[in-house]
Amino acid sequence: MDDLTHSEYSKFLKDFEDTLRHLFHEKEDINKLSLERGLPPAVMSEIMSKVPLSVAIPKQYGGRGSIVKECLGVLSAASYESLSLSLTFGINIALFLEPVSKYANESIRQEIFNRFLKNQNMGGLMITEPDYGSDALNMKTFNKEVEDGYKIKGTKHWQGLTGLANYWIIASRKELDNGELARDIDFFISDESVPKQKIVVEELYDNAGLYMIPYGLNKLDIEVPKSHKLEPETTGIKMMLDILHRSRLQFPGMGMGFIKRMLDEAISQCKNRMVGTSNLLAIDQVQYQLSRIQSAFTICSAMCAHSSNMSGIEHNLASEGIEANSMKAVVTDLMQESAQLLVQLSGAQGYRTTHIGGRGIMDSRPFQIFEGSNEMLYSQIADMITRAMKKQKQLHLFDFLKDFKLTSEACLHFKKDLSFTLNSVLSQRKLVDLGKILSRIVCIGYVLELKAKGFRADLVDNCITSVQQEVSALFSSFHFDSVTTVVEDYSENSLWLKFV
């Protein structure tokens, strides 16, 4: 193995990209591979021989140094070819290696990192339970201290890499003497190679997209040594927020290559597809659709640049909810929209699992759901901002945002829409609309940061216009008085056949 700590990153990344291109387009056909569950072991082994996960391992343990820019570069290179592969790396980097680097006991780090660097090991995170998805604080998996360590019992599901990961970080709550569970959350590392720590996979799920990644139902009845408990800086809940926020702030890495691929494929399709005497590029609506994907490319680029400066393990991100939620929700919406647009521009050909667009719709869809569904994240963003406004006794939205660090410059581009006073009480559906608006303004702030560093001005100008149009439509929805509710017994007197 080369000395990973000193190899030039651009050379390392190019070698990785070349390997993926060779494996997926020359040696194998990624379009056919994507029809099967999992990747053939020989293909995965060749990918892992390039030690892509070394980017998330500190230098003192033989890795490249946990530099966010390098992590996002690897995620982006992978997602250009396969979103499933990128998510596999994303799980390993943000949900296992970075938490181990930051919170694991010093005595166990070296062995774990060695197995990643030399034996192609992988790791994941178990939080979600069948009865507790986003409501993680009420999880029922519990831990109990015993003589040599901790016993952990419970049920977890929908963990990416189910049955495949060699290590797991497991979230649980301490069982108290009265049989109740503590409010705080503890995290433990389990090692599948140790019989007492082996997790039983009860079922593998038939996930509709991301075929390469196994998901399933896991039964836990294990015992881990005391040294396997993660050590929080303050509380376990704040450690969980730090881990999840860091992960959300690195979603743009997975989005970057994917959106670029959607854009490249869409432009190629529109250049080569002739309609009458000209190609699709000559059609105004097509230009609009392509400009939407290009706007997504610009926003995602800006997110990657911003995240590189603020989401490293040296920072505690527990209180960075607005930025973490904004990046995760906006980039995943953009990924899904970009895939939908590519399929629309590709016609019938795009509606196939063997087409990168058709596959992209299914593969990008769960990104809007896992690690906090986007509606929940948008309402949290709006809630955080409105609470800050009330604290300052400032209810005029524009006046607040122009003095708020994350929006001070970007909000100037939306002044007309933002110049109004917020009602003191907003319904949840209004909070979701407001969160969508605020998160997009935050992201335009990242775009303006990137422009100041020399990024292409024409891409930035088009992007701002595109987001202004989107925000204007969102404000129309926000100001519209809607109190529609579901009619539960709707089937009574509503059969159309009776009225014809």
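Preceding block: the structure.
Described below are features of the structure shown in this document. Because the structure is a prediction, the values reported are computed rather than measured. (Residues numbered from 1 in each chain as written. Predicted model: local features only at pLDDT ≥ 70, side-chain atom pairs only at ≥ 80, totals over all residues. Heavy atoms only, no water.)

## Section: helix H10 (residues 321–346)
- Spanning 26 residues, H10 covers 37 Å between terminal C-alpha atoms, matching the ideal 38 Å at 1.5 Å per step.
- Among the 26 residues in H10, 23 count as buried, and that is most of the element.
- In the segment just after H10, glycine 347 is the residue with positive phi, at about 65 degrees. (Helix = DSSP H or I, 4+ residues; strand = E, 2+ residues; numbered from the N terminus. Expected span 1.5 Å × (residues − 1). Buried < 20%, exposed > 50% of the residue type's maximum accessible area, 1.4 Å probe, protein only.)

## Description of the pairing of strand E2 (residues 142–146)
- Pairing geometry for E2 and strand E3 (residues 149–157), over five bridges, is antiparallel. Among the inter-strand pairings, valine 146 is bridged to a residue of E3, identified as glycine 149.
- Two successive antiparallel strands, E2 and E3, enclose a turn made up of two residues. (Pairing = 2+ DSSP bridges.)

## Regarding the environment of glycine 62
- Mapped onto the elements of the fold, glycine 62 is located in the loop between helix H3 (41–48) and helix H4 (68–81).
- Its relative accessible area of 29% is what places glycine 62 among the partly exposed residues.

## Topic: unusual backbone geometry
- Non-glycine residue serine 66 carries a positive phi angle of around 50 degrees.
- With respect to the secondary-structure elements, serine 66 resides in the loop between H3 and H4.
- Positioned with a positive phi, glutamate 371 is a non-glycine residue whose angle comes to about 55 degrees.
- Mapped onto the elements of the fold, glutamate 371 is located in the loop between helix H11 (356–364) and helix H12 (374–391).

## Regarding the pattern of salt bridges
- Following the criterion strictly, the structure yields 30 salt bridges and no others.
- Of the charged contacts in the structure, one is a salt bridge between arginine 64 and glutamate 70, with a shortest N-O distance of 2.7 Å. Across the pair, glutamate 70 and arginine 64 agree in class, each one buried.
- With a shortest N-O distance of 3.1 Å, arginine 387 and aspartate 383 are connected by a salt bridge. In this pair, arginine 387 and aspartate 383 both sit in helix H12, four residues apart, roughly one turn of the helix.
- Via salt bridges that share partners, Arg292, Asp333, Glu337, Arg440 and Glu470 belong to a single interconnected network. (Salt bridge = Lys/Arg side-chain N within 4 Å of Asp/Glu carboxyl O.)

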